[in-house]
Amino acid sequence: MKKKLLLLTFFLLHFIAGYSQELKPILGTVKDGSGSPLIGVSVTEAGTQKGAITDVNGSFQLNNVAPQSKLIFTYIGYLTKEVTVGDQATFNITLEEDAKALEEVVVVGYGTQKKVNVTGAVSAVKGDDLNWKPVGQTSAALQGVASGVTVTQSTGQPGSDQGNINIRGIGTLNNNDPLVLVDGVQYNINDIDPNDIESISVLKDAAAASIYGVRAANGVILITTKRGGSGKPRVTYNNYFGWQEPTRLSKFVGAQSFMELANLMYQNSGSGAIYSDEQIAAYNDPNRDVNQYPDNYWLDKILTGSGFQQSHSLSVGGGTDNAKYRFSTNYFDQKGLIKNMDFERLTVRLNTDVNINEKLSFSSDISAKISDRREPQGIEGSTWYQFGQAAIINPLTPDRYADGSWAIVRGGQNPLRFQEEGGIYSYKDNLFTGNFRADYTLLKGLKLTGMASVNYQSGYTSQHNKAFDYVTEESVVTLGRNDVTKQSTDNWFKNFQGFVEYQKDIANHSFRFFGGASRLSRTTDELTGYRQNLPNGNLEQIDAGAADGQTTNGTADEYALESYFGRINYSFNEKYLLEANIRRDGSSRFATGQKWGTFPSFSAGWRISGEEFMQSVGFLQELKLRGSWGKLGNDNIGNYPYQTTVGFNSYPFGGVLNTTGGLTAYPNSSLSWEVTQMTDIGLDVAILSGKVDAAFDYFIKNTDDILLQLPIPSTVGLSAPYQNAGSVRNTGWELALNYHGNIGQDFKYDVGANLSDVKNEIRDLKDADYITTDNNGITTAYQVGDPIGAFYGYEVEGIFQTADEVSQHATQPGTAAPGDLIYKDQNNDEVINAEDRVYLGSNIPRYTYGLNLNSSYKGFGLTAFFQGVAKVDINTLVLKRAPYSTDGNFKEIHQDSWTPENTDAAFPRLTTSTQNYQSSSYWIESGAYLRLKSLQVSYNLPSEWVSKVGLARCRIYASGQNLLTWSKLDDDIDPEAPNDSRYYPQVKTYTFGLNLEF
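Let us look at the structure shown here. (Residues numbered from 1 in each chain as written. Predicted model: local features only at pLDDT ≥ 70, side-chain atom pairs only at ≥ 80, totals over all residues. Heavy atoms only, no water.)

**Observations regarding unusual backbone geometry**
And then number 1: For alanine 507, which is not a glycine, the phi torsion comes out positive at approximately 55°.
And then number 2: Position of alanine 507 among the secondary structure elements: in the loop between strand E26 (483-506) and strand E27 (509-532).
And then number 3: Residue classification places alanine 507 among the exposed positions, given a relative accessible area of 77%.
And then number 4: A positive phi angle, near 55°, is found at lysine 766, a position not held by glycine.
And then number 5: As for its placement among the helices and strands, lysine 766 is situated in the loop between strand E37 (747-764) and strand E38 (770-773). (Helix = DSSP H or I, 4+ residues; strand = E, 2+ residues; numbered from the N terminus. Buried < 20%, exposed > 50% of the residue type's maximum accessible area, 1.4 Å probe, protein only.)

Below, the structure written as structure tokens:
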């Protein structure tokens with residue numbers, strides 16, 4: 001036995017000694033093609049967790065490496081390299097640049113350019129950066145992914161939750177929507193499925209956008225859709241299922257606190273208590289008669305919807321070298337927080353590409369969208385009636401009695417009954433598009449292109465209202481009536497375009513010439529019919545109503561735009577870059593003599609990194625200085641603002657009603673374009689072999705000749721005409737920063753951040769400055785030197801504590817008393833009036849920012865997106881004011897209102913008058929916030945598993961939208977959509993999904 005143990009020990013020692021002799025340390029350096037060391041290259045031993053990262057000298061070291069091992073060298077922007085160790089102990093590795101990375105192209109106006117040659121301010125976004133977000137509208141997915149682009153959602157209502165997009169601020173007092181083109185054709189960004197998007201380019205400065213002339217003043221968004229590739233068919237299927245809930249809702253007090261606060265309010269106003277101690281004490285009994293003593297939180301009562309949503313996307317693509325196709329379809333179904341407040345959409349797209357011969361190619365893009373948004377009937381709007389009523393109905397109002405009968409609320413219809421038994425409002429929207437393109441290479445470098453696009457959009461609205469009987473103690477009351485409104489809108493959009501492009505390289509000189517012409521037209525036809533007194537509430541067709549009292553309305557309008565445009569690009573050795581654009585547009589929206597406008601732009605770039613003296617700077621891969629100037633136009637001002645409009649009516653002559661016509665608006669045939677001039681200076685940087693890239697831009701954007709209705713003497717008898725009068729300036733800067741890294745071979749991560757600063761200022765209104773107060777008491781100003789729609793009001797100096805303080809202060813609106821807000825007498829005239837209103841803030845954010853985090857480890861993935869704004873104000877008057885009657889709700893903050901016993905209160909005294917609810921600094925608060933907009937955790941199942949069932953890829957994930965918010969506002973106010981609770985709130989969404997590739 002001892003001999004066997006000694007023999008075994010000898011063999012083990014011999015084996016360990018031999019194995020130890022084979023393992024060895026490895027040293028080396030990694031350089032690029034020019035011999036410069038590469039910092040941060042990942043060096044791993046294949047099949048192990050062993051690895052190293054090169055230092056500032058490009059050096060690395062690994063210990064205990066076997067001769068048969070393989071070393072893997074990976075670096076962003078370079079081709080991966082594998083080396084077998086063998087007998088070597090020292091390695092000098094040279095990595096080759098990835099040609100595809102160097103040739104990265106960006107979609108620009110009417111074409112593409114190498115990213116390194118772009119001289120305008122363009123933000124490029126990959127489709128994968130959008131379609132991972134489970135949102136119902138593509139505009140919402142664009143939020144926070146590009147610097148200088150502000151996207152705000154004001155509502156979470158299904159089908160109405162589009163994002164409002166502004167590029168580089170608000171540049172006009174009129175329409176600020178950017179131009180959106182899908183594969184070169186004007187489109188609504190929300191009509192395309194995010195899964196069909198290959199890339200998005202945002203053209204932000206005049207140099208990039210001026211090729212689109214009159215339609216580009218508010219920026220341009222270019223969307224390129226996915227297309228088929230050569231090879232066998234590739235099938236993908238994506239889905240998700242989710243549930244929604246409000247991000248924030250107003251918090252109101254219960255019945256007892258409501259009565260106590262109402263009593264206090266009336267007592268402060270010189271009246272007696274309206275609720276007895278016995279009524280208030282009755283709520284201490286949990287077994288009370290709830291018909292007599294209800295306690296309803298109506299904002300919670302109306303949330304009867306499931307909030308369930310689902311999405312299913314299917315695509316099939318493939319083809320040969322000469323014929324490729326991609327078919328895709330998406331079904332989206334979103335149930336609301338309120339019953340019957342839903343949205344349903346189906347999209348279909350077929351993209352085909354055919355190479356007929358070496359010179360001629362043809363492509364066809366055909367798509368369709370069918371959608372239906374539904375709501376329960378409502379007075380002055382369904383959403384408004386549901387949330388508007390629920391926010392005002394006090395908790396003492398029952399919704400339904402013990403016998404099942406419905407209660408009348410606030411003297412009118414019951415919103416819960418509308419959900420259960422009411423008619424339906426339906427808004428159907430159908431879109432069919434065809435986009436056809438042919439390219440012909442006439443000579444080497446010379447290509448001719450023709451495009452024809454036809455879109456047909458139809459809208460159909462049906463609003464069906466029912467009358468209902470309500471049983472009261474005295475009688476049966478019928479509220480409402482059985483009526484129906486039907487409206488049909490047809491819209492034809494046609495766009496025919498022709499281009500010629502010539503490219504020529506002579507030694508280190510590269511020339512590119514582009515020219516084109518375009519004609520687009522749009523016609524709209526609208527017809528509306530209405531009838532009332534239908535025999536019963538279940539009928540909803542026009543013919544079922546009475547002819548007496550019926551109404552019909554119809555209208556149509558047309559718009560046409562003819563354009564000629566051209567561009568010249570010059571590059572010397574891809575170091576010195578020049579570009580010039582010009583476009584001439586003729587619009588039907590202006591009178592003869594004013595129809596045509598010319599819009600030029602110029603830009604230049606210097607790739608400093610391409611200079612000989614920069615070649616020794618090894619860590620720097622790209623350094624480009626850009627500058628541009630250009631002029632843009634805006635004709636998005638309505639179809640006939642220059643023309644005289646005639647209104648028709650009836651007037652009795654000789655005892656008979658006769659149709660009459662008369663002028664309604666004073667004409668202005670000299671009306672012309674709104675013109676935007678923009679100057680931009682930018683810098684693009686890439687270091688550490690592409691691990692870090694950044695782009696910085698500073699811009700000045702002046703918009704002049706803004707259309708305004710300046711006042712005219714009332715004796716004219718006509719409404720004021722539009723005139724080119726206003727001027728607005730936006731100045732600011734943008735920064736986009738990205739880092740791509742890895743730890744070892746398996747853990748990879750990307751960090752992307754963007755920050756924008758825009759200062760908005762009105763420069764000229766032709767002495768027509770004005771201040772206005774809306775129905776909610778919020779005062780805004782349009783005055784030179786201020787931002788558009790600036791908040792104005794009284795400056796609050798505190799709260800009156802004694803009658804002496806009141807008597808010694810200037811006379812205020814209403815009857816001031818201790819506990820009221822103190823308004824500052826700005827001009828010391830002893831009277832607080834409109835002359836004392838001052839600038840209080842702006843709801844236009846100065847700073848917008850986004851942070852995108854993406855990481856993967858083996859099959860696991862984690863993606864997060866944060867978005868926020870800073871230096872922005874909101875007016876909380878409507879959000880936080882107390883009611884001044886029992887027709888309203890009190891909040892918890894009203895319990896800390898001023899009383900003689902509570903003199904250091906945060907809220908002024910409760911009263912039945914409105915002197916404390918004037919527009920003032922008391923209500924202005926910071927609207928800055930940071931929100932975790934999207935978070936997703938995913939897992940890719942191992943390929944050896946999924947391949948057994950015929951799959952190429954299977955990915956499962958869970959995600960959330962609007963999960964966390966950091967803000968200084970009260971926690972029942974949503975800072976992104978600071979509406980009061982009379983509007984549909986923003987929603988949190990929790991989803992679970994699946995991605996399959998076959």
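**With respect to the pattern of salt bridges**
And then number 1: All chains considered together, the criterion is met by 41 salt bridges.
And then number 2: Residue aspartate 483 pairs with arginine 481 through a salt bridge whose shortest N-O separation is 3.5 Å.
And then number 3: Judged by relative accessible area, which is 44%, arginine 481 ranks as partly exposed.
And then number 4: Salt-bridge contacts for arginine 846 lead to aspartate 757; the nearest nitrogen and oxygen are separated by 2.7 Å. Of this pair, arginine 846 sits in the loop between strand E43 (838-841) and strand E44 (847-857) while aspartate 757 sits in strand E37; the two residues are 89 residues apart in sequence, bridging distant segments of the chain. (Salt bridge = Lys/Arg side-chain N within 4 Å of Asp/Glu carboxyl O.)

**Things to note about the environment of leucine 632**
And then number 1: Among the secondary structure elements, leucine 632 is positioned in strand E31 (residues 620-634).
And then number 2: Residue leucine 632 is classed as buried on the basis of its relative accessible area, which comes to 1%.
And then number 3: Once the C-alpha coordinates of leucine 632 and threonine 236 are considered, the two residues, 396 residues apart in sequence, prove to be 41 Å apart.
And then number 4: Setting aside its immediate chain neighbours within four residues, leucine 632 contacts Ala206, Ala209, Ser210, Gly213, Ala216, Ala217, Phe599, Glu674, Val675, Thr676 and Met678. (Contact = heavy atoms within 4.5 Å.)

**A few points about the packing of aromatic side chains**
And then number 1: All told, the structure shown has 39 aromatic pairs when counted by the stated rule.
And then number 2: Ring geometry for phenylalanine 747 and tyrosine 749: centres 5.9 Å apart, planes at 35°, overall tilted.
And then number 3: According to the relative accessible area criterion, phenylalanine 747 is partly exposed, its value standing at 27%.
And then number 4: Tyrosine 749 sits in the partly exposed class, given a relative accessible area of 21%.
And then number 5: Members of the aromatic cluster, each reached through a chain of ring pairs, are Tyr110, Tyr212, Phe499, Phe514 and Phe565.
And then number 6: Sitting over the face of the ring of tyrosine 470, arginine 417 holds its NZ or CZ atom 4.9 Å from the ring centroid. (Phe/Tyr/Trp six-rings, centres within 6.5 Å; stacked < 30°, edge-to-face > 60°. Lys NZ or Arg CZ within 6 Å of the ring centre and 35° of its normal.)

**Regarding a nonpolar patch on the surface**
And then number 1: On the surface, a cluster of nonpolar side chains totalling about 850 Å² of accessible area is made up of Phe327, Leu346, Val348, Leu350, Val354, Ile356, Phe362, Ile366, Ile370, Phe432 and Phe436.
And then number 2: In terms of residue count, the dominant contributor to the nonpolar patch is strand E20 (residues 342-355) (4 residues). (Patch = residues over 30% accessible without salt bridge, like charges linked within 9 Å, V, L, I, M, F, W, Y side chains within 5 Å. Areas by Shrake-Rupley, 256 points an atom, 1.4 Å probe, with all protein chains shown as cover.)

**Topic: the nonpolar core**
Note on soluble globular proteins: their nonpolar side chains tend to be buried together.
And then number 1: Residues Tyr110, Leu203, Tyr212, Val220, Leu222 and Leu632 are the most contacted members of the largest nonpolar core, which totals 35 residues.
And then number 2: Among the elements of the structure, strand E13 (179-182), helix H4 (206-209), strand E16 (220-225), E26, E27, strand E28 (546-572) and strand E34 (674-687) are those that each provide at least two residues to this core.
And then number 3: Once you skip the residues sitting within four places of it in the chain, tyrosine 110 turns out to touch Ile211, Tyr212, Gln497, Phe499, Phe514, Phe565, Arg567 and Arg583.
And then number 4: One finds Phe258, Leu261, Ala262 and Tyr266 within the second-largest nonpolar core, a separate group that totals 24 residues. (Core = buried A, V, L, I, M, F, W, Y, C linked by side-chain atoms within 4.5 Å.)

**Description of the side chain of threonine 138**
And then number 1: Structurally, threonine 138 is set in helix H3 (residues 138-141).
And then number 2: When neighbours within four sequence positions are excluded, threonine 138 is seen to be in contact with Ile189, Asn190, Ile192, Asp193, Pro194 and Ile197.

**Here we look at the sheet that holds E13**
And then number 1: Ordered in space as E10-E15-E16-E13-E14, the 5 strands form an open sheet in which the pairing is mixed. Unpaired on one side and paired on the other, strand E10 (122-126) and strand E14 (185-186) mark the two borders of the sheet.
And then number 2: The pairing of E13 with E16 spans 4 bridges and is classified as parallel. Residue pairing in the sheet places valine 180 in a bridge with isoleucine 221 of E16. (Pairing = 2+ DSSP bridges.)

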